[in-house]
Amino acid sequence: MQENTLSPEDQYTLTELLYKIQLKTNNFMGYPVSKDFDFTELIPFLNYPMNNLGDPFVDSTYGVDSREMEKEVIEFFATLFRAEKDNWWGYVTNGGSEGNLYGLYLARELHPKGMVYCSESTHYSVQKNIHLLNMTNIVISAQENGEINYQDLEDTIRMNRHMPVIIMANIGTTMTEARDDISKIKDILKKMAIKNYYIHADGALSGSYSAFIEPRPAFDFADGADSIAISGHKFFGSPMPCGVVVVKKSNRDRIARSVAYIGSVDTTITGSRNGHSPLFLWYTLKKHGIDGLKKRAQHSLAIAQYAERKLKEIGIAAWRNPNTITVNFPAPSSAIRKKWQLASENAISHIICMPNVQKEQIDQLVLEMKADLVEV
Ligand SMILES: *Cc1c(COP(=O)(O)O)cnc(C)c1O
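About the thresholds
- Residue numbers run consecutively from 1 along every chain, following the written order of its sequence.
- Residues qualify for local features only when their pLDDT is at least 70, as the model is predicted, and side-chain atom pairs are given and counted only at 80 or more; totals for whole chains, interfaces and linings, by contrast, use all residues.
- Excluding hydrogens and water, the side-chain values take into account all heavy atoms of the structure.
- UniProt positions are given in the numbering used here, feature names are shortened, and annotations may be inferred rather than shown by experiment.
- Of the grid points, spaced at 1 Å and generated over the protein atoms alone, those admitting a 1.4 Å probe that cannot get out make up cavities, while open sets with protein on both sides within 12 Å along at least five of seven lines make up pockets; any residue with an atom within 4 Å of a point is treated as lining.
- Grid points are joined across faces, edges and corners, and a volume is the space filled by probe spheres set on the points.
- In this count, Pro and Cys sit with the nonpolar residues alongside Ala, Val, Leu, Ile, Met, Phe, Trp and Tyr, while Asp, Glu, Lys and Arg are called charged and the others, Gly among them, polar.
- These domain boundaries are the output of an automatic or database domain assignment.
- Salt bridge, as used here, is a side-chain nitrogen of Lys or Arg placed within 4 Å of a carboxyl oxygen of Asp or Glu.
- Where helices and strands are cited, they refer to DSSP runs of H or I of at least four residues and of E of at least two residues respectively, numbered from the N terminus.
- Only protein chains enter the accessibility calculation, which uses a 1.4 Å probe. A residue is then buried if its area is under 20% of the maximum for its type, exposed if over 50%, and partly exposed in between.
- Residues form patches when they are more than 30% accessible in relative terms and have no salt bridge. Like charges link within 9 Å. Nonpolar side chains (Val, Leu, Ile, Met, Phe, Trp, Tyr) link within 5 Å.
- Calculation of accessible area relied on Shrake-Rupley with a 1.4 Å probe; when residues are assessed, cover is drawn exclusively from the protein chains displayed.
- Definition of nonpolar core: a set of buried residues of the types Ala, Val, Leu, Ile, Met, Phe, Trp, Tyr and Cys, connected through side-chain atoms within 4.5 Å.
- Every residue pair with non-hydrogen atoms within 4.5 Å of one another is taken to be in contact.
- We define a polar contact as two N or O atoms separated by no more than 3.5 Å, with the added condition that, inside protein, one atom must be a possible hydrogen donor and the other a possible acceptor, whereas residues neighbouring each other in sequence contribute only through side-chain atom pairs.
- Arc, as used here, means the arc of the directions from the helix axis to the C-beta atoms.

Per an unreviewed UniProt entry, the chain goes by Histidine decarboxylase and derives from Pedobacter frigoris. What UniProt states about the chain under its Sequence similarities (unreviewed entry) heading is, verbatim, "Belongs to the group II decarboxylase family." According to UniProt, the comment filed for the chain under the heading Cofactor (unreviewed entry) is "pyridoxal 5'-phosphate".

**Observations regarding the layout of surface pockets**
Taken as a whole, the second largest pocket encloses approximately 270 Å³ of empty space. Lining the second largest pocket we find 16 residues, and of these E147, R179, D181, P217 and P322 sit closest to its centre. For the lining of the second largest pocket, the class distribution of residues is seven nonpolar, four polar and five charged. A domain split of the lining of the second largest pocket shows at least three residues from each of domain 1 (44-285) and domain 2 (289-375).

**Section: the pattern of salt bridges**
Taken as a whole and assessed by the stated rule, the structure comprises 22 salt bridges. With a closest N to O distance of 3.3 Å, R82 and D223 form a salt bridge. Of the two residues, R82 sits in the loop between α2 (67-80) and β1 (89-93) while D223 sits in the loop between β5 (197-202) and β6 (227-231), which places them 141 residues apart along the sequence. The residue E109 makes a salt bridge to R108 at a minimum N-O spacing of 2.9 Å. Overall, the relative accessible area of 35% leaves E109 in the partly exposed class. You can call R108 partly exposed: its relative accessible area is 26%. One salt-bridge network, held together by shared partners, links D55, K249, R252 and D253.

**A closer look at empty space enclosed by the protein**
Counted under the stated rule, the structure contains one cavity of 30 Å³ or more. In this structure, the largest cavity is lined by Y91, V92, T93, N94, E98, T270, R273, N274 and S277. Per element, the largest residue contribution to the lining of the largest cavity is three residues, and it comes from β1. Class assignment for the residues of the lining of the largest cavity results in two nonpolar, five polar and two charged.

**Section: a nonpolar patch on the surface**
Together, Y48, Y62 and V64 give the surface a local cluster of nonpolar side chains, amounting to about 280 Å² of exposed area. As for its placement among the helices and strands, Y62 is situated in the loop between α1 (8-26) and α2.

**Considerations on the nonpolar core**
Within the largest apolar cluster, 73 residues are counted, with the highest numbers of intra-cluster contacts made by F77, I351 and I362. For this core, the element with the highest residue contribution is helix α8 (residues 276-313), accounting for ten residues. Discounting chain neighbours no more than four positions away, the residues touching I362 are M29, I303, Y306, A307, I351, C353 and V357. Counting residues in each nonpolar core, the second largest holds 21 residues, with L106, V116, C118 and V247 among its members.

**Digging into the environment of R158**
Note that R158 resides in helix α5 (residues 150-159). Here the alpha-carbon distance between R158 and I188, two residues 30 residues apart in the chain, equals 9.8 Å. Of the polar contacts made by the side chain of R158, one reaches the side chain of E154; its length is 2.9 Å.

**Quick look at helix α4 (residues 124-132)**
Because each turn of an α-helix spans 3.6 residues, side chains separated by three or four positions end up pointing in the same direction. For α4, the full list of buried residues reads S125, V126, N129 and I130. When α4 is viewed along its axis, its buried side chains cluster within an angular range of 140 degrees and face the same direction. Residues of α4 that are exposed and point over 90 degrees away from its buried face: Y124, K128 and H131. For α4, the elements touching its buried residues are α3 (96-110), β2 (115-119), β3 (136-140) and β4 (165-170). Two residues or fewer after α4 comes N134, characterised by a positive phi angle close to 55 degrees.

Below, the structure is given as structure tokens:
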């Protein structure tokens, strides 16, 4: 065997994997990942060990990095999410979950005796992070559409009003894409004269495009959020999972710790950090621009509306939350769920009309679901 080349068997395995990935990517409507990207121009960067370890805003002795791009990406989102001028900070994470972990971490450092409130529709990773951080929490009931039950939230906070309040607001739940209203949550806190509180917005999918729609949902810093986390591989699209977290700089300063070895400040969660993902996000933002991103959001909303209508036309009880790209309906047969990779929970499935989804795919799915109905 020649050195540094794959054996024929390994070569075959690799080819098979590529074939499988290509096939599976084509029929894919159940998970919120965009596929309309072309990063060919960035391929040369894969030959370098890029690493943004430490704080993106503090230079490091490790210079094979994309900090410049990362800073631009954070600034873009700080502006989009209406952060207070000169009081924002953030970094490119490994995904929405890490951003949520970071928001909770900051909240705990600010309010070590705080109580975390989140609805029962909250993403599964949040419970794990609350556990990791050893925080106390109470799960609030959700309304039928997946949005937090504000009355239950108010009643529960009232019973624990001696404790600081930490809220994990869902800006688009995983199953039904319901958005908790941060201004309503603020009103509740105001009504009860709660002074010590922290609101984190989990905007994984919906928070990524909520700034592009009207009426603008109440989800960002101007609405009362103290930190916002989004995923980069969902609405924006990326070959590797990634995300962005934006927080108030004044809060981040409380946990900053200088580390001599990296010549930077250790303000992030992991040690080494992906140096490629900030570059991929930067490329996407530059290529689309605000107008392009708005168009992608509008396209998704239009397709979701189309899908809801088409499903209803064949007698399926499809529905979606206002201004969202997730269409919910009773779970179809397992063959259809498997083919289109549809997640399902409590006998409900959904399709997520990401920017790459076109009418043709909806028509195909509707056709198959119609045939399925006849069979039953
Ligand atoms: C996807 C999702 C997450 C997790 O984000 P990752 O980027 O997969 O880590 C968190 N919250 C919600 C509501 C999500 O939909």
